[in-house]
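Structure at a glance
Here's the letter readout for the chains.
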Amino acid sequence: MPRTISPSELAELLKDPKKVFLLDVRLPVEHEFVALSQSMLIPLHELPRRFNEVVAEGDQEIVVYCHHGVRSWQAALFLEQQGFQNLFSLDGGIDAWSIEIDPSIARYR
């Protein structure tokens, strides 16, 4: 089962951005509206054919996020089944990030 990471735990990891590979599995329109810096966009429905683009270097943690944490958990489960390790789903998604860490990140429905 995929592990989750809280926004505050991710904020701590991002103090050294080289330690984190951020994967956004939302739709392009959501990513264009607001996204975490330096994240790669692979929408969930494209992940089965594009998962080979997820290339974490060294001991990087892979953190998958979406709007509220549902799609990212599904994506993390899929990636785990493909053999990926050091994998987390952002608990509460970018919405929780906006509430808990960075209120300048726009919230949407």
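Anyway, here's the lowdown on the structure attached to this text. Source: prediction; values computed, not measured.

In this section: the sheet that holds strand β1 (residues 3-5). Backbone-to-backbone hydrogen bonds join strands into a sheet, with any given pair of strands oriented parallel or antiparallel. The strand order across the open sheet formed by 5 strands is β1-β5-β4-β2-β3, and the pairing between neighbours is parallel. Two strands lie at the open edges of the sheet, namely β1 and β3 (39-41), each paired on one side alone. Strand after strand, the sheet turns through a mean of 35° between neighbouring axes, direction not considered. When strand β2 (residues 20-24) meets β3, the two strands line up parallel, connected through 3 bridges. Across the sheet, L23 pairs through a bridge with M40, a residue of β3. The sheet contacts of helix α4 (residues 70-81) involve β1, β2, β4 (61-65) and β5 (87-90), and relative to β5 the element is tilted by about 170°.

So, on to unusual backbone geometry. Positioned with a positive phi, Q38 is a non-glycine residue whose angle comes to about 65°. Within the secondary structure, Q38 is located in the loop between α2 (28-33) and β3. According to the relative accessible area criterion, Q38 is exposed, its value standing at 68%. Its identity is not glycine, yet N86 carries a phi of approximately 50°, on the positive side. Looking at where N86 falls in the secondary structure, it is placed in the loop between α4 and β5. Relative accessible area serves as the criterion here: at 34%, N86 is assigned to the partly exposed category.

This part is about the environment of F88. Among the secondary structure elements, F88 is positioned in strand β5. A relative accessible area of 12% means that F88 is categorised as buried. Remark: the alpha-carbon pair of F88 and P43, spanning 45 residues in sequence, is separated by 17 Å.

The next subject is the pattern of salt bridges. Oppositely charged side chains may form a pair once their charged atoms are brought near each other. Across all of its chains, the model carries 6 salt bridges by this definition. Between E53 and R50 there is a salt bridge, and its shortest N-O distance comes to 2.9 Å. Looking at E53, the relative accessible area reads 32%, which means it is partly exposed. Linked through salt bridges whose partners overlap, the residues forming this network are E46, R50 and E53.

Conventions used here
- Residues numbered from 1 in each chain as written.
- Predicted model: local features only at pLDDT ≥ 70, side-chain atom pairs only at ≥ 80, totals over all residues.
- Heavy atoms only, no water.
- Pairing = 2+ DSSP bridges.
- Helix = DSSP H or I, 4+ residues; strand = E, 2+ residues; numbered from the N terminus.
- Axes fitted to C-alpha atoms, helices over the stretch in contact; angles between N-to-C directions.
- Contact = heavy atoms within 4.5 Å.
- Buried < 20%, exposed > 50% of the residue type's maximum accessible area, 1.4 Å probe, protein only.
- Salt bridge = Lys/Arg side-chain N within 4 Å of Asp/Glu carboxyl O.

Purely geometric numbers; function is a separate question.
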